[in-house]
Amino acid sequence: MAAYRALRTAAPHDLLGGLRAVLRRHYAVSDAELRVADYAMTALRPVAPGSGPGVVPAHMGPPGRAFGSQRTYVEPADDSPMLTAHLPVSVRGEGVGVLSLRMPRNRCSAEVLSELEEIAALLGHEIMVAERDTDLYVQARRAERLTLAAEMQWELLPGRSCSRPEFELGGQLEPAYAIHGDSFDWSTSPTHLTLAVINGMGEGIQAALLSSLAINALRNARRSGLGLAEQASLADQALYGQHRGGAHVAALLLRFELATGLATVIDAGSPRMWRLRRGTADPQEFEAQLPLGMFEDTVYTAQEFRVEPGDRLFFVSDGVYDVASPGGELYGEKALARAAAHTRLLPPAQVPRAVLSELAGYRGGPGPEDDAMVVCLDWRG
């Protein structure tokens, strides 16, 4: 199709410019604007500042409705012959942003909207490819400057959401622009989903370097075809070899069998898992094992459990549990169970942001003293 050729031949920094001529010629689009979600997932920011209305909320207003629901939203038509359609731009379940198109009302049929949605999906894929060669889209996501530690942590992440027929995932870190040692990683294969959530000790660059070493050691072992226990052991050896026990990483490592829901888990520290099943949220307890890198040649043993279709799993760092209200009361398990119940109707990609927003309201006052990480997994089976 013409849109595909235009995107493939456009310069990395000018994908929308290459697409505009096709949209104008085939769909009579008079104006097109691309906004991408910022790191905190609170705003949609224009890729070309000054070209339109500018920054808009990520979950309010017409563009926010399209981004939050991941469905096309057409602004209600008045007497004008023109209307604006907002199309979600996403890649395999990860929301990238919104493409807003101004076009004649009489051209906006269901068939045309379906074609435009396909073009928006193509644009999302091309943005991911273009980010190898340009900083334009990464810079557009920034409401403020990232700390160097945050830059390192965001580059480490696999994404912020992922969707397959068997499951749907979403994850978020907070504070988005100054995170320390929390991180997560996931990978899918034809038969398995592997998930790691980690909490590195320390602050700033040292915490980011520690997390980077842990995640890359786990990836190296996973890509070598090793099992979960061997992945933990290799990461443990890498961390101990570098720091001799002076720095360690708390981790929760999981591997899900897509066909059956059978999962193996290694609980090597503080990240915790909750399960929401048939409306009831409960913490899941596993055998506590040593954090990665604490001692030399630690032996790790995987446990088994099973997830059922309809289960929702939450993974949270201690930066969630340890948040205190202005009166000094810790957020704790009751508040987290309440947050899990309140967000049960949201898709996993939106749940971490909703929980972290509630956490900020509970905390009140100044910003958080520690990282907070939330990952949400819906199991479809």
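Look up a bit, the structure's there.
Residues numbered from 1 in each chain as written. Predicted model: local features only at pLDDT ≥ 70, side-chain atom pairs only at ≥ 80, totals over all residues. Heavy atoms only, no water.

Undergrad: Would you mind going over the sheet that holds strand β11 (residues 249-257) in detail, with residue names and values included?
TA: Sheet architecture is open: five strands sit in the order β9-β10-β11-β12-β15, paired in antiparallel fashion. The sheet is open, and its two borders are formed by β9 (182-188) and β15 (303-306), each paired with just one other strand. Strand-to-strand, the axes of this sheet are offset by a mean angle of 20 degrees, without reference to chain direction. Bridge count between β9 and strand β10 (residues 192-200): seven bridges; the pairing is antiparallel. Within β10, the residue paired with Ser 187 across the bridge is Thr 194. (Pairing = 2+ DSSP bridges. Helix = DSSP H or I, 4+ residues; strand = E, 2+ residues; numbered from the N terminus. Axes fitted to C-alpha atoms, helices over the stretch in contact; angles between N-to-C directions.)

Undergrad: Tell me about the sheet that holds strand β2 (residues 43-46), and name the residues and values.
TA: Taken together, the six strands give an open sheet; going across it, the order is β3-β2-β1-β6-β5-β4, and neighbouring strands pair in antiparallel fashion. The open sheet has two edge strands, β3 (56-57) and β4 (73-74), and neither has a second partner. In this sheet, strand β6 (residues 94-104) lies alongside strand β5 (residues 82-91) in antiparallel orientation, the contact comprising ten bridges. The partner of His 86 across the bridge, within β6, is Ser 100. Along the sheet, helix α3 (residues 61-69) makes contact with β1 (31-37), β2, β3, β4, β5 and β6, crossing β6 at roughly 135 degrees. Sheet strands touched by helix α4 (residues 110-130): β1, β4, β5 and β6. Its angle to β5, the strand with the most contacts, is close to 45 degrees. (Contact = heavy atoms within 4.5 Å.)

Undergrad: Report on the side chain of Glu 126, specifying residues and quantitative values.
TA: Turning to its location among the elements, Glu 126 is positioned in helix α4. Buried and unpaired, Glu 126 has Arg 8 as its nearest opposite-charge partner, separated by 4.2 Å. The contact partners of Glu 126, leaving out residues within four places of it in the chain, are Leu 7, Arg 8 and Leu 15. (Buried < 20%, exposed > 50% of the residue type's maximum accessible area, 1.4 Å probe, protein only. Lys, Arg positive; Asp, Glu negative; His and termini not counted. Salt bridge = Lys/Arg side-chain N within 4 Å of Asp/Glu carboxyl O.)

Undergrad: An account of helix α10 (residues 332-342) is needed here, citing residue identities and associated values.
TA: Listing the buried residues of α10 in full gives Gly 332, Ala 335, Leu 336, Ala 339 and Ala 340. Looking straight down α10, one finds that the buried residues subtend no more than 140 degrees of arc, so they occupy a single side. On the buried face of α10, the contacting elements are β13 (272-277), β14 (280-284), β16 (312-316), α9 (318-321) and α11 (351-363). (Arc of directions from axis to C-beta.)

Undergrad: For the nonpolar core, give the residues involved together with the corresponding values.
TA: With 36 residues, the main nonpolar core has Leu 23, Leu 116 and Leu 123 as its most contacted residues. Elements with a contribution of two residues or more to this core: α1 (2-9), α2 (15-27), β1, β5, β6, α4 and α5 (136-140). Sort the elements by how many residues they give to this core and α4 lands first, with eight residues. Not counting residues up to four positions away in its chain, the partners in contact with Leu 116 are Leu 23, Tyr 27, Leu 87, Leu 101 and Met 103. With 35 residues, the next largest nonpolar core counts Trp 154, Leu 157, Phe 167 and Phe 184 among its residues. (Core = buried A, V, L, I, M, F, W, Y, C linked by side-chain atoms within 4.5 Å.)

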